[in-house]
Amino acid sequence: MAPSVAQAARVLVCRLPHVKSPANMPCMTTLTFNRRVFLVSSGLSAVAGLTGCASTQAATPVPRLRLIGQTRLPHQLPYQNTTVGGLSGMDFDAASGVLYLLSDDGGSQSPPRFYTARLALTTGKLADPEFRIELTGVTFLQGLNAPDPEAIRWHAPSQSLLWTSEGNALLLEPPSLQQTRLNGTLMRAFELPAMLGFGLLSGARINKTLEGLAITPDGQTAWLSMEAALRQDGPEPTVQAPGGPCRFTQIDIATGKAVRQIAYVPDAIPRAPSPPSADADNGVVEVLMLDAHRMLVLERAYMAGLGDRERNSMRLYAIDTRQGSDTLNVTALKPGNHTPTPKTLLADFARFAALSRLDNTEGMCWGPTLPNGNRTLLFVSDDNFNPRQITQFLAFEFLD
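Our subject in this report is the structure included herewith. (Residues numbered from 1 in each chain as written. Predicted model: local features only at pLDDT ≥ 70, side-chain atom pairs only at ≥ 80, totals over all residues. Heavy atoms only, no water.)

Focus: the packing of aromatic side chains
Within a pair of aromatic rings, the relevant descriptors are the distance that separates the centres and the angle that separates the planes. This structure, assessed with the given rule, holds 10 aromatic pairs. Measuring from centroid to centroid gives 5.7 Å for Y100 and W154, while their planes differ by 10°, and the two rings are stacked. A residue pair is termed long-range when its members are at least 10 positions apart, and Y100 in strand β8 (residues 98-103) and W154 in strand β11 (residues 149-155) qualify at 54 residues. Grouping residues by exposure puts Y100 and W154 together as buried. A centroid spacing of 5.3 Å and a plane angle of 80° characterise the contact between F349 and F379, whose relative ring orientation is edge-to-face. Taken as a pair, F349 in the loop between β22 (344-348) and β23 (361-369) and F379 in strand β24 (residues 375-381) lie far apart in primary sequence, 30 residues in all. The residues F349 and F379 share a single accessibility class, namely buried. Among the aromatic residues, those joined into a ring-pair cluster are F349, F352, F379 and F396. The lysine or arginine in question, K343, covers the ring of Y317, its NZ or CZ lying 4.2 Å from the ring centre. (Phe/Tyr/Trp six-rings, centres within 6.5 Å; stacked < 30°, edge-to-face > 60°. Helix = DSSP H or I, 4+ residues; strand = E, 2+ residues; numbered from the N terminus. Buried < 20%, exposed > 50% of the residue type's maximum accessible area, 1.4 Å probe, protein only. Lys NZ or Arg CZ within 6 Å of the ring centre and 35° of its normal.)

Some remarks on the pairing of strand β21 (residues 312-320)
With 8 of its 9 residues buried, β21 lies for the most part within the structure. Of the pairings in the sheet, the one linking β21 to β22 comprises 4 bridges and is antiparallel in character. Note on β22: the bridge partner recorded for L316 is A347. (Pairing = 2+ DSSP bridges.)

Overview of the pattern of salt bridges
Throughout the structure, instances matching the rule amount to 20 salt bridges. Note that D105 is salt-bridged to R113, the shortest N-O span being 2.9 Å. Note on D105: relative accessible area 2%, which makes it buried. One connected set of salt bridges, linked through shared partners, spans D267, E299, R315, K343 and D348. (Salt bridge = Lys/Arg side-chain N within 4 Å of Asp/Glu carboxyl O.)

Details of unusual backbone geometry
Here S274 and P275 are connected by a cis peptide whose omega angle stands at 0°. Relative to the assigned elements, P275 resides in the loop between β18 (257-264) and β19 (280-289). Positive phi, close to 55°, is recorded for N384, a residue that is not glycine. Note that N384 resides in the loop between β24 and β25 (391-399).

Focus: the nonpolar core
Judged by nonpolar contacts, the single largest core of 24 residues is most densely connected at L65, L296, L316, F349, L377 and F379. When residues of this core are traced back to their parent elements, those giving at least two are β4 (64-73), β19, β20 (294-303), β21, β22, β23, β24 and β25. Here L316 is in contact with L65, L296, V297, L298, T344, L345, L346, A347, F349, M364 and L377, once residues within four sequence places are set aside. Counting 22 residues, the second largest nonpolar core, distinct from the first, contains L73, L77, L135 and F393. (Core = buried A, V, L, I, M, F, W, Y, C linked by side-chain atoms within 4.5 Å. Contact = heavy atoms within 4.5 Å.)

Structural notes on the layout of surface pockets
The space that makes up the largest pocket amounts to roughly 590 Å³. Y302, N360, D382, N384 and Q389 are the residues nearest the centre of the largest pocket, which is lined by 24 residues in total. Its residues assigned to classes, the lining of the largest pocket comprises 2 nonpolar, 6 polar and 16 charged. Lining the second largest pocket we find 22 residues, and of these F92, W154, I215, P217 and W366 sit closest to its centre. Secondary-structure elements contributing two or more residues to the lining of the second largest pocket are β7 (87-93), β11, β19 and β23. Of the residues contributing to the lining of the second largest pocket, the split by class is 12 nonpolar, 5 polar and 5 charged. (1 Å grid on protein atoms, 1.4 Å probe; cavity = no way out; pocket = protein on both sides within 12 Å on 5 of 7 lines; lining within 4 Å. Points joined across faces, edges and corners; volume = space filled by probe spheres on them. Nonpolar A, V, L, I, M, F, W, Y, C, P; charged D, E, K, R; others polar.)

A closer look at the environment of A278
Among the secondary structure elements, A278 is positioned in the loop between β18 and β19. Linking A278 and G305, residues 27 residues apart in sequence, is a C-alpha distance of 7.4 Å. Those residues within four positions of A278 in sequence are excluded, and the remaining contacts are P273 and A304.

Here we look at the side chain of S313
Along the polypeptide, S313 turns up in strand β21. If we skip the residues at most four places from it in the chain, S313 touches P270, R271, E299, R300, A301 and M303.

Concerning the sheet that holds β19
Read across the open sheet, the 4 strands follow the order β19-β20-β21-β22; overall the sheet is antiparallel. Of all the strands in the sheet, the pair left with one neighbour each is β19 and β22. Going from strand to strand, the sheet's axes swing by 25° on average, the running direction of each strand aside. (Axes fitted to C-alpha atoms, helices over the stretch in contact; angles between N-to-C directions.)

What follows is the structure in structure tokens.
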């Protein structure tokens, strides 16, 4: 259970389960909430959660993940007259050291907003990495009538932010991509393919739209990922079968136009809920560019009625966006009229024994570079402002 606000004035120290690392180093998490500082430090665990399995033959070496540490924020943490929670998007600007955290709260708790934080990287006596996260501000988003924020990315060339909204079908607000100044004012809204909007018999499923956003390293291209298949493209995943293909759309940022689209097939739901008639789903919750063409894809599944480590599943895949046929002009995806992009499984998070639990993880971004030159990969979970869920940060070393 996350600490209460009253407990937040104390420093909490909790040891993670022992993991077998080369030095057999214990993991420790320290949270100093009265200063809004959250510190994660740990010895590196041995590589875990890696299958090395490929859905198709991988064209490049398979990357690896190494768990560094984990920490949580207290439930309904107050900050500058807002309630921190619902963190569904995250990105890090390495040049300024600013971490951007997007809340998916459309206004029920506080106005639509993103938070800024400082994320410093230091090393201890044994060269163990430490992540220090300190909230530094909150900015309210302007320009949309009924936003449902989901993903956020820093755009270095314009010194601005791109972010997605899942839209609101009841209020006739379609899924959207926006570019916003750092003060929260709207710079422009992109014109997206009409197929990604809501329709009576076709188009996006409610709450299954633009969940993911990635930007290429040169800042010229954005990729938008749908959480589930469009209605005309196939069903949602079940325990027995994968879902219909999710559309990933490439946007030229300069012109604002869609230039390409590929199809990605999500896994079947990994386990049955309890009872079997209870809620369960699986979908694409975030995407992140490895380089100009390779992309990380995070699938997250939920299975009601199971334990803390079983009710949520996280699987990380890699794809090459040059593979798979262009579906931008294909009205309905059917077997034989397109070729989905192949995917390679990099990690099943259920195999990281040191993780105390998995939750509704939706945000993923690159973090600071480690002293050995490797990148860090960060994840954050959306607690839905639900006291039974958690806001969890995970940090990994990425070995490519």
